[in-house]
Amino acid sequence: MTQDARDQEHENTQPSDTSASGESPQQTSSSDDVVGNEDLATAFLRETEVVEEAVEDGKKIRRKGIYLLPNLFTTSALFSGFFAVVAGINGEFTSAAVAIFIAMVLDGLDGRVARMTNTQSEFGAEYDSLADMVSFGMAPALVAFTWILQDIGKTGWVVAFLYVACAALRLARFNVQIGSVDKKWFIGLPSPSAAALVAASVWTFHSFDADAFGFKLLMLVVVGAAGILMVSNIRYYSFKDLDFKKPVPFVVLLAVVLGFVMISVEPSVMLLLLFAAYVCSGPVLAVMRKAKPKR
């Protein structure tokens, strides 16, 4: 047999490029990649899934996933706190103060929405606490520092850090005291109220271009006092025992309407007076209890 004939016979006996199923090697490789990608996605979802133990109907269960609705409010509050920081860095102090108040409203809604829809979870509670640290711990301190405390030098940033540290300690203590204290009272000034006091002070004084040295010292005292009051043992009324489902006298609704009117006339000043009164209520009531004669 000649060399040409042997080569022709060898070519005829080579395996076909197509498999028995009619698929090309490229098609088979593509199918394997799809299966591999699906396995990788499934593994990613399994490894990143949130699993927590919960008690339902007296039984301990393992629950996967998170509740979307209350965590959307928490995320919105977190965004408002972050926006306040960015606005403060850019010199937009009025916008920064308003963003902190918006975060307060959203923070008050997430817990109520969770209770109304029966979507409470440990994940939601921890997420809310971390969001509060940004919105009511970092944001007010950084806004106050970038506005006026940085002009005082080292003392300014030390007091700002004191506020941040006290906010973190306040939130940690609150988390471990849940269920062990009277719900009618907060132990220490709540971090949203402390943030509101600082934000309202920045909003008011900045609106009136109050940049004299006396206002710098005043802001130093406000920020430092708010931080110390958060970690104090002074009791503050929580308003959690108010029942909004019961009927109230007509004059109560009239008072609420008048309150909104007064706030709308000069929001920064009225909010400052409102939260300053609440902040002062704790020490005043504590002194009154001490001075009250024991029977």
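Please refer to the structure higher up on the page.
Here's a quick rundown of the structure. In this convention, every chain numbers its residues from 1, walking through the sequence in written order. Since the coordinates come from a predicted model, pLDDT governs what is reported: local features require at least 70, and pairs of side-chain atoms require 80 or more to be given and counted, while whole-chain, interface and lining totals use all residues. Values shown for side chains rest on all heavy atoms present in the structure; no hydrogens or waters enter the calculation.

Describing the overall build of the protein chain
Here is step 1 of the chain: Summing up its helical and strand segments, the protein chain has 10 helices and four strands in all.
Here is step 2 of the chain: Think of it this way: any DSSP run of H or I at least four residues long counts as a helix, any run of E at least two long counts as a strand, and we number them from the N terminus. Going residue by residue from the N terminus, the α and β elements of the protein chain occur as α-α-β-β-α-α-α-α-β-α-α-β-α-α.
Here is step 3 of the chain: The criterion used for residue contact is that any of the two residues' heavy atoms lie within 4.5 Å. In the protein chain, the proportion of contacts linking residues at least 24 apart, taken out of those at least 6 apart, comes to 76%.
Here is step 4 of the chain: Looking at the protein chain as shown, the accessible area adds up to about 18,900 Å², and 65% of this sits on carbon and sulfur atoms. Using the Shrake-Rupley algorithm and a 1.4 Å probe, accessible areas are obtained, with residue cover drawn only from the displayed protein chains.

So, the side chain of Arg 173
Here is step 1 of the chain: Position of Arg 173 relative to the elements: it lies in helix 6 (residues 154–177).
Here is step 2 of the chain: Although Arg 173 is buried, it makes no salt bridge; Asp 132 carries the closest opposite charge, 14 Å away.
Here is step 3 of the chain: Beyond its immediate sequence surroundings of up to four residues, Arg 173 is in contact with Ile 187, Gly 188, Met 230, Val 231, Ser 232 and Asn 233. Only protein chains enter the accessibility calculation, which uses a 1.4 Å probe; a residue is then buried when its area is under 20% of its type maximum, exposed when over 50%, and partly exposed in between. Note on charges: Lys and Arg go in the positive column, Asp and Glu in the negative column, and His and the chain ends are not counted at all. Whenever Lys or Arg places a side-chain nitrogen within 4 Å of a carboxyl oxygen from Asp or Glu, that contact is recorded as a salt bridge.

Overview of a nonpolar patch on the surface
Here is step 1 of the chain: Candidates for patches are residues over 30% relative accessible area with no salt bridge; among them, like charges are joined within 9 Å and nonpolar side chains (Val, Leu, Ile, Met, Phe, Trp, Tyr) within 5 Å. A cluster of nonpolar side chains, contributed by Val 248, Phe 250, Val 251, Val 252, Leu 253, Leu 254, Val 256, Val 257, Leu 258, Phe 260, Val 261 and Val 265, occupies part of the molecular surface with about 1,200 Å² of accessible area.
Here is step 2 of the chain: Structurally, the position occupied by Val 251 is in helix 9 (residues 250–265).
Here is step 3 of the chain: With relative accessibility at 54%, the residue Val 251 sits in the exposed group.

A few points about the environment of Leu 217
Here is step 1 of the chain: As for its placement among the helices and strands, Leu 217 is situated in helix 8 (residues 213–230).
Here is step 2 of the chain: On the accessibility criterion, Leu 217 (38% relative accessible area) is partly exposed.
Here is step 3 of the chain: With 65 residues separating them in the primary sequence, Leu 217 and Ile 152 have C-alpha atoms 8.5 Å apart.

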